[in-house]
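# Architecture at a glance
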There are 2 protein chains.
Amino acid sequence: MLTYSFADIGSESLYHHLYQCVKSDILSGILPAGTKLPSKRSFAKNLGVSNITVENAYAQLRAEGYVCSVPKKGFYVSEVSGHILPVDAVSQSCTRQDVPRREYVADFATNCVDPEEFPFSVWSKLLRETLLNSHQELLEMSPWGGIRKLRRAIVSHLKAFRGMDVSAEQIIVGAGTEYLYGLLIQLLGRDKVYAVENPGYHKIAQIYESNDVAFRFVAVGKAGMDIGELEEAGADVAHISPSHHFPTGIVTPIGKRYELLGWANREEGRYIIEDDYDSEFRLAGKPIPTLQSIDRTERVIYMNTFTKSLAPTIRISYMVLPRHLLQEFEERLFFYSCTVSNFEQYTLARFIEDGYFEKHINRMRTHYRRIRDELMECIRRSPLASCCRISEEDAGLHFLLCIETSLSDQELLQNAGRAGIRLSAMAQYYAGLSEDAPAHTFVINYSGLAVGEIPHIVELLSSCILETSL
Amino acid sequence: MLTYSFADIGSESLYHHLYQCVKSDILSGILPAGTKLPSKRSFAKNLGVSNITVENAYAQLRAEGYVCSVPKKGFYVSEVSGHILPVDAVSQSCTRQDVPRREYVADFATNCVDPEEFPFSVWSKLLRETLLNSHQELLEMSPWGGIRKLRRAIVSHLKAFRGMDVSAEQIIVGAGTEYLYGLLIQLLGRDKVYAVENPGYHKIAQIYESNDVAFRFVAVGKAGMDIGELEEAGADVAHISPSHHFPTGIVTPIGKRYELLGWANREEGRYIIEDDYDSEFRLAGKPIPTLQSIDRTERVIYMNTFTKSLAPTIRISYMVLPRHLLQEFEERLFFYSCTVSNFEQYTLARFIEDGYFEKHINRMRTHYRRIRDELMECIRRSPLASCCRISEEDAGLHFLLCIETSLSDQELLQNAGRAGIRLSAMAQYYAGLSEDAPAHTFVINYSGLAVGEIPHIVELLSSCILETSL
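Anyway, here's the lowdown on the structure attached to this text.

Criteria and cut-off values
Residues numbered from 1 in each chain as written. Chains lettered and ligands numbered in written order. Predicted model: local features only at pLDDT ≥ 70, side-chain atom pairs only at ≥ 80, totals over all residues. Heavy atoms only, no water. Helix = DSSP H or I, 4+ residues; strand = E, 2+ residues; numbered from the N terminus. Rg over C-alpha atoms; globule rule 2.2 N^0.38 Å. Buried < 20%, exposed > 50% of the residue type's maximum accessible area, 1.4 Å probe, protein only. Contact = heavy atoms within 4.5 Å. Areas by Shrake-Rupley, 256 points an atom, 1.4 Å probe, with all protein chains shown as cover. Pairing = 2+ DSSP bridges. Axes fitted to C-alpha atoms, helices over the stretch in contact; angles between N-to-C directions. Buried area = accessible area lost by both parts, 1.4 Å probe. Salt bridge = Lys/Arg side-chain N within 4 Å of Asp/Glu carboxyl O. Polar contact = N/O pair within 3.5 Å; in protein donor to acceptor, adjacent residues only side chain to side chain. Nonpolar A, V, L, I, M, F, W, Y, C, P; charged D, E, K, R; others polar. Core = buried A, V, L, I, M, F, W, Y, C linked by side-chain atoms within 4.5 Å. Right-handed = clockwise from strand over helix to strand, strands pointing away. Parallel < 35°, antiparallel > 145°, perpendicular 65-115°, else oblique. Left-handed = near helix turned anticlockwise from the far one by under 90°. Least-squares fit on C-alpha atoms with pLDDT ≥ 70 in both. Expected span 1.5 Å × (residues − 1). Phe/Tyr/Trp six-rings, centres within 6.5 Å; stacked < 30°, edge-to-face > 60°. Lys NZ or Arg CZ within 6 Å of the ring centre and 35° of its normal. Disulfide = S-S within 2.5 Å.

### Side note on the overall build of chain A
- A count of helical and extended segments in chain A gives 18 helices and 16 strands.
- Taking 23 Å as the expected radius of gyration for a compact globule of 470 residues, we find that chain A reaches 24 Å, a close match to that expectation.
- Oriented by its inertia axes, the alpha-carbon framework of chain A measures out at about 70 × 50 × 45 Å.
- Put simply, chain A has 470 residues, and 64% of those count as buried.
- In chain A, of all internal contacts separated by at least 6 residues, the share reaching a separation of at least 24 is 72%.
- Summed over all atoms, the accessible surface of chain A reaches about 17,600 Å², with 50% contributed by carbon and sulfur.

What follows is the structure in structure tokens.
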């Protein structure tokens, strides 16, 4: 019998909570298609809620197609979709909503940060000092691009770590890259066609879609985004992550980078959005200059975020605008206030200026390298070794695990889900039903693992994959 | 000779800084139309910069129409516009950009907060405790609507202060109301027609314009927004501030509130955005229930912000969605992360829960009442009394000063500007060249004044108004 907790659901209605819990388990594969749900009466009794609560939850699930009712038999989980659901949708419904997060033994589908690793004491000290010493500045409206001190600190960081030569006025600070994408749409124009990577993060396409702008999926091959497809798509703006493509891990080679700049220069009004998140944590491969730093014609808008390099819940990202866009930005979007609180802007500025950010990155690289090495070593020594292949490319905090198996991706995901392991398949990062998507290839985000747990996790993973695949 | 400081301009170019300074002084009336600017050579010498810096700044100002060049004579400040510039534009160019803020003796054009009044020690204590005790929660992704604890605290606050009966799941927390407006456009639809108040804050119309959605200015009369005009405009969504209209100070009476709800119910898909900022600080008038609380048909989206009630640089606002919109919001916008950092969400939740927010509001009401009383008393005792009329209505932190004078609004603004007093005229809050705009009526935002300075400020104000108006 399914068991869900109704403690701590606040003012959410019981039926909605139950609906969310069941939906989440269907989406994540815990409840595979065909599973019979408990009868309303016994489920209600078991959960300690009224029959009407279960009835309403089932009705909602049925209306949305998650379950179907067979007369005189009961409710069954539907085949949710012809293909596996995109991993963002799964991820969101498991972690972002008000549903208590399911405790996985291991979650390879999201990039988590171990709370132990956040520099709480330093952050706390800097925050305290800021609050003590900067009363006036803390309450003065930040310029729309962010406070000067933070933008100057970012300039120095970009100079030291990415060899970029930019000025503070080019930096625009905002509460997350999602927010900055929205600003860029307003700046570059809703009449432009945006190209997004396929495979890639679904969220980027979702944001363009939600803003009613035209976007096209363009294939990312072994050497980055396909220029021919980009031209064919009629794109004006290419939204890419040349330094670290997710999930393939591919780093766009320098030759292709010049081709991309060439594409941007062939027509007036073309731009490249260079999304450089996670670049701090590449553990393998040689550093390659950013597109921004080799762009002599001001076609590249560079983006990065502290939500990946510091903490996902500190919402500070930034972009570097080409100089010629600054005046347009000011004239058209001057009325927007900066979305990040001064308190955190000043604290982060100190954190960077005083060298803590650099230390933090170095420490985290060592930390992540240790996890990766242990995980790979455990896989190599496990029975999995004989039927899987690890492909790392120059990826950031994940690698790809390709498994020889007769099972479908969905079956593997469900097996893993039942064992308490949350996996995501490469195919889930492709738009629609792509035939290009490699089968049996799983994205292993390892950043949230604890080293000590790895042997046990690999054992579990191994047994739930091998159990039925041999 | 004009003098500007070039210290602390960071990496901004010299010419751009100079351009900004001069532009700002032109917009604020410090440099009125017809003023001759210094010659390039002498200005450069005086400022200690190169001739080319001044030349570039003048060229930019000329290209944008702020100055004109008369052959063999030099550069003169242009008549910037047929009418006075909207105050938002002035305000922005004076405070939001990277130009060091000009020190006014008194700034009546913006609602400032005296840094002395922010509860730094309590905030600091709560922040420290949060950082010490909540490591895990601080790094766990916030649900897209904001963390539960904060949303529950907001629910209790709304219950206690506004008599509203809502649930935590209806609350959506975001980094400022501007950001939330953008989300609402995505939720309600870009094909809708939005009605905005005239007069009103220009920023609201600017946001709709920047998002390429249709909007209409609808007159706000003595009793709130005109329903006939609203119908005529073909509006689907009315964006209003019924509890405290800026700048008129009018509170929409209860009868008109029901008419507005009636309007919203006459057609499918109509909504009212009820912007309730500053409602905590109404010093006069009886409390009137929010539109949201008398809405039985889920047509009202309520909005409020802590940027007004706590500090302008803490970017936390929220909206209350009608229940039937929750599912749509979740389905269509689930992929957006909450834009406010967990650190501040948890701290604010404690601040409200532990009663500090209530205390803060009470203290600030007393503080503002003292300023208002002193300011009104000083005006009454000054020579101004014989030629001006104060109209307060039930305004929040401002009142209207109507002056009998033969001078134009622009002349009055410039006189005041030269005396170091920043004023804004009612006419500046009207869209376009409105004939409805009352002349010689000035908006007196008093929240940023210090009580002790008020006699001197009134003396100054009085002399610069009377100097030429008698």
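### A short note on the sheet that holds strand S15 (residues 424–425) of chain B
Residue and element names in this part refer to chain B.
- Pairing in this open sheet of four strands is antiparallel, and the strands run S12-S13-S16-S15 from one edge to the other. At either end of the open sheet lies a strand with only one pairing partner, and these are strand S12 (388–391) and S15.
- Pairing of strand S13 (residues 398–403) with strand S16 (residues 441–445) involves five bridges; the strand directions are antiparallel. From the neighbouring strand, Leu400 faces S16, where its bridge partner is Val443.
- Across the sheet, helix H16 (residues 356–381) lies against S12, S13 and S16, angled at about 15° from S13, the strand it touches most.

### Points about the interface of chain A and chain B
- Counting from both sides, the interface comprises 72 residues of chain A and, opposite them, 72 residues of chain B.
- When chain A packs against chain B, the two sides together hide about 6,500 Å² of surface, and 54% of this comes from carbon and sulfur.
- Linking Arg190 of chain A and Asp212 of chain B is a salt bridge whose minimum nitrogen-to-oxygen distance equals 3.3 Å.
- In this assembly, chain A and chain B are joined by 24 residue pairs in polar contact (both at pLDDT 80 or more).
- It is helix H5 (residues 120–133) of chain A that contributes the most residues to the side of chain A that touches chain B, six residues altogether.
- Of the residues assigned to the side of chain A that touches chain B, the class counts are 27 nonpolar, 23 polar and 22 charged.

### Describing the nonpolar core
- With 154 residues, the main nonpolar core has Trp123 and Leu375 of chain A together with Trp123 and Leu375 of chain B as its most contacted residues.
- With near-sequence residues (within four places) excluded, Trp123 of chain A lies in contact with Phe118, Leu310, Ile314, Thr347, Leu348 and Phe351 of chain A together with Leu131 and Phe343 of chain B.
- One finds Tyr194, Ile273 and Ile301 of chain A together with Phe334 of chain B within the second-largest nonpolar core, a separate group that totals 64 residues.

### Considerations on the pairing of strand S6 (residues 214–221) of chain B
All names here are of chain B.
- With six bridges joining them, strand S5 (residues 193–198) and S6 adopt parallel strand pairing. Residue Val196 lies in a different strand from S6, and its bridge partner there is Phe217.
- Taken together, S5, helix H9 (residues 202–210) and S6 constitute a β-α-β crossover, and its handedness is right-handed.
- Two strands pair when backbone bridges link them, and S6 and strand S7 (residues 224–225) are joined in this way by two bridges, in the antiparallel orientation. Bridge pairing links Val220 to Met225 in S7.

### A short note on the packing of H5 of chain A against helix H15 (residues 342–353) of chain A
Residue and element names in this part refer to chain A.
- Contact geometry for H5 and H15: axes closest at 9 Å, N-to-C directions at 120°. Comparing their axes, H15 and H5 come out oblique. Along this stretch, H5 crosses H15, giving a crossing that reads as right-handed. Here H5 contributes Val122, Trp123, Leu126, Leu127, Glu129, Thr130 and Leu131 to the contact with H15, which in turn contributes Phe343, Tyr346, Thr347, Leu348, Arg350 and Phe351.

### Notes on the relation of the copies chain A and chain B
- Each copy of the sequence occupies a distinct position, and chain A is placed on chain B by a rotation of 180° and an axial shift of 0.1 Å, giving an RMSD of 0.1 Å. With respect to symmetry, the two chain copies, as superposed, fit the operation of a two-fold axis.
- Most of the interface of chain A is mirrored in chain B, where 100% of its interface residues again form contacts.

### Some points on H15 of chain A
Residue and element names in this part refer to chain A.
- Here H15 is 12 residues long and its end C-alpha atoms lie 16 Å apart, about the 16 Å a rise of 1.5 Å per residue gives.
- For H15, the buried fraction is high: 11 of the 12 residues fall into the buried class.
- Taken together, the buried positions of H15 are Asn342, Phe343, Glu344, Gln345, Tyr346, Thr347, Leu348, Ala349, Arg350, Phe351 and Ile352.
- One side-chain oxygen of the residue at the start of H15 lies 3.2 Å from the amide nitrogen of Phe343, identifying that residue as Ser341.
- The first or second residue beyond H15 is Gly355, which carries a positive phi of 85°.

### Quick look at the side chain of Arg162 of chain A
All names here are of chain A.
- Its location among the elements puts Arg162 in helix H7 (residues 148–162).
- There is a polar contact of 2.9 Å between the side chain of Arg162 and the side chain of Asp276.
- For Arg162, the contacting residues outside a window of four places in its chain are His157, Ser243, Asp276, Ser279, Ile288, Thr290 and Tyr302.

### Looking at unusual backbone geometry
- Cis peptide bonds are those with omega within 30 degrees of zero, and the linkage from Asn198 of chain A to Pro199 of chain A qualifies with 0°.
- Looking at the element boundaries, Pro199 of chain A is found in the loop between strand S5 (193–198) and helix H9 (202–210).
- With phi around 70°, Asp278 of chain A is a residue other than glycine that occupies positive phi space.
- For Asp278 of chain A, a relative accessible area of 3% puts it in the buried group.
- In this structure, Asp212 of chain B takes a positive phi of about 60° despite not being glycine.

### Some words on the environment of Asp276 of chain A
Residues and elements named next belong to chain A.
- Relative to the helices and strands, Asp276 is located in the loop between strand S9 (271–275) and helix H12 (291–294).
- Sequence-wise, Asp276 and Leu449 are 173 residues apart; in three dimensions their C-alpha atoms are separated by 24 Å.
- In this view, Asp276 contacts Arg162, Ser243, Thr290, Tyr302, Met303 and Asn304; residues no more than four positions away in its chain are not counted.

### Brief notes about the packing of aromatic side chains
- As enumerated under the stated definition, the model contains 47 aromatic pairs over all chains in all.
- Here Phe351 of chain A and Tyr356 of chain A contribute two aromatic rings whose centre-to-centre distance is 6.0 Å and whose plane-to-plane angle is 25°, an arrangement assigned as stacked.
- Plain terms: the ring middles of Phe335 of chain B and Tyr336 of chain B are 4.7 Å apart, the flat faces sit at 40° to each other, and that makes the pair tilted.
- A cation over a ring is seen here: Arg299 of chain A above Tyr271 of chain A, with NZ or CZ 4.8 Å from the ring centre.

### A closer look at the packing of helix H15 (residues 342–353) of chain B against H16 of chain B
All names here are of chain B.
- Where H15 meets H16, the closest approach of the two axes is 4 Å, and the angle between their N-to-C directions is 70°. The orientation of H15 with respect to H16, classified from their angle, is roughly perpendicular. On the side of H15, the interface is formed by Arg350, Phe351 and Ile352, while H16 contributes Tyr356, Phe357 and His360.
- Counted by class, the contact of H15 with H16 contains four nonpolar, one polar and one charged residues.

### A word on the sheet that holds strand S11 (residues 317–320) of chain A
All names here are of chain A.
- Across the sheet, eight strands lie side by side as S4-S11-S10-S9-S8-S5-S6-S7; this open sheet has mixed pairing. Unpaired on one side and paired on the other, strand S4 (171–174) and strand S7 (224–225) mark the two borders of the sheet.
- Sheet analysis places strand S10 (residues 300–305) next to S11, joined by four bridges and oriented antiparallel. If you follow Tyr302 over to S11, its bridge partner there is Val320.
- Across the sheet, helix H11 (residues 254–266) is in contact with S7, strand S8 (237–240), S9 and S10; its angle to S9 comes to roughly 140°.

### Overview of the state of the cysteines
Residue and element names in this part refer to chain A.
- Scanning the entire structure with this criterion turns up zero disulfides over all chains.
- Cys387 takes part in no disulfide bond, and the closest cysteine sulfur to it belongs to Cys388, at a distance of 5.8 Å.
- When its relative accessible area of 6% is taken as the criterion, Cys387 is described as buried.

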